Amino acid sequence: MTVTAKRKIAKRPHQIVERVAEFIKEGDLEGVVSMFHPQCRVAMDPDGQPMEGHAGVREIFRDFVANRVHLKGTVSGEMINGDTAILQGAWTVEDRDGNALGGGVSTEVVKQMDHGGWTYFIDCPIRVPAPAR
């Protein structure tokens, strides 16, 4: 896809997970990356170091996209304040045969970009990490 090509965006914060699932299903890693803010932090392992930026997102989602897993997400809470919002939800990942691979209850901070679409800024898909001591 070229830089000038139109890409699907999340017009509302709760749509981000839907777009990520679509991009995974389509095998579009850069589409998944487009749903994350360039300065994002993702805590896939809440006891480890968060992944950062688009390079971290590519690392996290590379195998999901390659295997075209099925991401199912529901947003149970959304609160918007200007160009920032917080989401709560639940998600599961299944292989192509419907076997569960993982899941969790998530908390995310999202930001609206200049193009009007929403992106993950802080993504805690399992749980929010404990405070640093």
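Our structure is the block above this text.
These numbers were taken from a predicted model, which means no experiment stands behind them.

Colleague: Even after reading the chapter, I still don't get helix α3 (residues 53-67), so can you show me in this structure?
Modeller: Because the α-helix completes a turn every 3.6 residues, residues three or four places apart line up on one side. Here α3 spans 22 Å end to end across 15 residues, near enough to the 21 Å set by a 1.5 Å rise per residue. Where α3 is concerned, the buried positions are Gly 53, Gly 56, Val 57, Ile 60, Phe 61 and Val 65. Contacts from the buried residues of α3 go to α1 (16-26), α2 (29-33), β1 (36-42) and β2 (51-52). Positive backbone phi, at 45 degrees, marks Arg 68, one or two positions downstream of α3.

Colleague: Please clarify how the pairing of strand β6 (residues 118-124) should be interpreted in this entry.
Modeller: Side-chain direction in a regular strand flips from residue to residue, so the side chains alternate between the two faces of the sheet. Burial analysis of β6 places five of its seven residues in the buried class, the great majority of the element. Where β1 lies against β6, three bridges are found, and the strand directions are parallel. Within β6, the residue paired with Arg 41 across the bridge is Ile 122. Bridging between strand β5 (residues 100-112) and β6 involves six bridges; their strand directions are antiparallel.

Colleague: Is there a simple way to think about α1 in this case?
Modeller: Regarding α1, the residues found buried are Ile 16, Val 17, Arg 19, Val 20, Ala 21, Phe 23 and Ile 24. Phi turns positive, to about 75 degrees, at Gly 27, one or two residues after α1.

Colleague: Whenever I open this one, the environment of Gly 31 confuses me. Can you help?
Modeller: Residue placement: Gly 31 occurs in helix α2. A relative accessible area of 0% means that Gly 31 is categorised as buried. Among all residues touching Gly 31, those that are not within four sequence positions of it are Arg 7 and Phe 23.

Colleague: Quick question: what am I supposed to make of unusual backbone geometry here?
Modeller: Leave glycine aside and you will find that most residues have negative phi; peptide bonds, for their part, are mostly trans. You will see that Arg 68, though not glycine, has its phi angle at about 45 degrees, which is positive. Considering the arrangement of structural elements, one finds Arg 68 in the loop between α3 and β3 (70-81).

Colleague: Which parts of the structure should I look at to understand the sheet that holds β3?
Modeller: By definition, the strands of a sheet pair up through backbone hydrogen bonds, in either a parallel or an antiparallel sense. A sheet is described by the order of its strands in space; here six strands give the open sequence β2-β1-β6-β5-β4-β3, paired in mixed fashion. The two strands at the open ends of the sheet, each matched to only one other strand, are β2 and β3. Here β1 pairs with β2 via two bridges, running antiparallel. Across the sheet, Val 42 pairs through a bridge with Met 51, a residue of β2. Against the sheet, α1 contacts β1, β3, β5 and β6, and its axis sits at roughly 155 degrees relative to β3.

Colleague: Teacher, can you tell me more about the side chain of Asp 123 here?
Modeller: By the element assignment, Asp 123 lies in strand β6. Buried charge Asp 123 goes without a salt bridge, the closest partner of opposite sign being Arg 41 at 12 Å. In contact with Asp 123, not counting residues within four places along its chain, are Phe 36, Arg 41, Val 42, Ala 43, Thr 107 and Glu 108.

Analysis parameters
Residues numbered from 1 in each chain as written. Predicted model: local features only at pLDDT ≥ 70, side-chain atom pairs only at ≥ 80, totals over all residues. Heavy atoms only, no water. Helix = DSSP H or I, 4+ residues; strand = E, 2+ residues; numbered from the N terminus. Expected span 1.5 Å × (residues − 1). Buried < 20%, exposed > 50% of the residue type's maximum accessible area, 1.4 Å probe, protein only. Contact = heavy atoms within 4.5 Å. Pairing = 2+ DSSP bridges. Axes fitted to C-alpha atoms, helices over the stretch in contact; angles between N-to-C directions. Lys, Arg positive; Asp, Glu negative; His and termini not counted. Salt bridge = Lys/Arg side-chain N within 4 Å of Asp/Glu carboxyl O.

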